[in-house]
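Inside the fold
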Amino acid sequence: MEQTTKFKVAYVITERNEKTYWNRIGVAFTNKDGSINVKLDALPTGGTLQIRDYEPREEFEPGGAPRPRALRAVPGARPLPDQGL
């Protein structure tokens, strides 16, 4: 049995208000005999535990410029003051 990668990522998948949330909660490693060791940073109390092969995200645009990260609004958070940068 040939594996493309031994490093995997553990997620818990929960659904709330008709939305699906994937939260990374740990990593997993495939052993030589095909068994898997899982190291969790959190224990899910609900939802589905999903273990997937690690796929690195594209951090740079094709021209080499850094890819901007999407900002997410946090409910109840106040906007940061303009720093005049």
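Our structure's up above, just so we're on the same page.
What you see is a predicted model; the values in this text were computed from it and never measured.

Notes on the sheet that holds strand S3 (residues 36-40)
Pairing between sheet strands relies on hydrogen bonds along the backbone, with the strands arranged either parallel or antiparallel. On the basis of which strands lie adjacent, the open sheet formed by four strands has the order S3-S2-S1-S4 and antiparallel pairing. Of all strands in the sheet, those bounded by a partner on one side alone are S3 and strand S4 (48-53). Across the sheet, the axes of successive neighbouring strands diverge by a mean angle of 35°, strand direction being ignored. Inspection of the sheet shows strand S1 (residues 7-16) paired to strand S2 (residues 19-30) by ten bridges, in the antiparallel sense. The residue of S2 that forms the bridge with Ala-10 is Gly-26.

Structural notes on the packing of aromatic side chains
Taken as a whole and judged by the stated rule, the model has three aromatic pairs. Here Tyr-11 and Trp-22 contribute two aromatic rings whose centre-to-centre distance is 5.5 Å and whose plane-to-plane angle is 70°, an arrangement assigned as edge-to-face. Taken as a pair, Tyr-11 in strand S1 and Trp-22 in strand S2 lie far apart in primary sequence, eleven residues in all. What makes Trp-22 partly exposed here is its relative accessible area of 41%. A connected cluster of aromatic rings, assembled from ring pairs, spans Phe-7, Phe-29 and Tyr-54.

Remarks on the pattern of salt bridges
Side chains that differ in charge, positive against negative, can pair when their charged atoms come close. Going through the model one piece at a time under the given rule, you end up with one salt bridge. One salt bridge connects Lys-8 with Asp-53, and the closest N-O pair in it is separated by 2.3 Å. With a gap of 45 residues between them, Lys-8 in strand S1 and Asp-53 in strand S4 connect regions that are remote in the sequence. On the basis of relative accessibility, which here comes to 9%, the residue Lys-8 falls in the buried class. You can call Asp-53 partly exposed: its relative accessible area is 34%.

Structural notes on the environment of Arg-52
Relative to the assigned elements, Arg-52 resides in strand S4. Relative accessible area serves as the criterion here: at 40%, Arg-52 is assigned to the partly exposed category. Along the sequence, Arg-52 and Ala-10 sit 42 residues apart, while their C-alpha atoms lie 6.6 Å from each other.

Cut-offs applied
- Residues numbered from 1 in each chain as written.
- Predicted model: local features only at pLDDT ≥ 70, side-chain atom pairs only at ≥ 80, totals over all residues.
- Heavy atoms only, no water.
- Pairing = 2+ DSSP bridges.
- Helix = DSSP H or I, 4+ residues; strand = E, 2+ residues; numbered from the N terminus.
- Axes fitted to C-alpha atoms, helices over the stretch in contact; angles between N-to-C directions.
- Phe/Tyr/Trp six-rings, centres within 6.5 Å; stacked < 30°, edge-to-face > 60°.
- Buried < 20%, exposed > 50% of the residue type's maximum accessible area, 1.4 Å probe, protein only.
- Salt bridge = Lys/Arg side-chain N within 4 Å of Asp/Glu carboxyl O.

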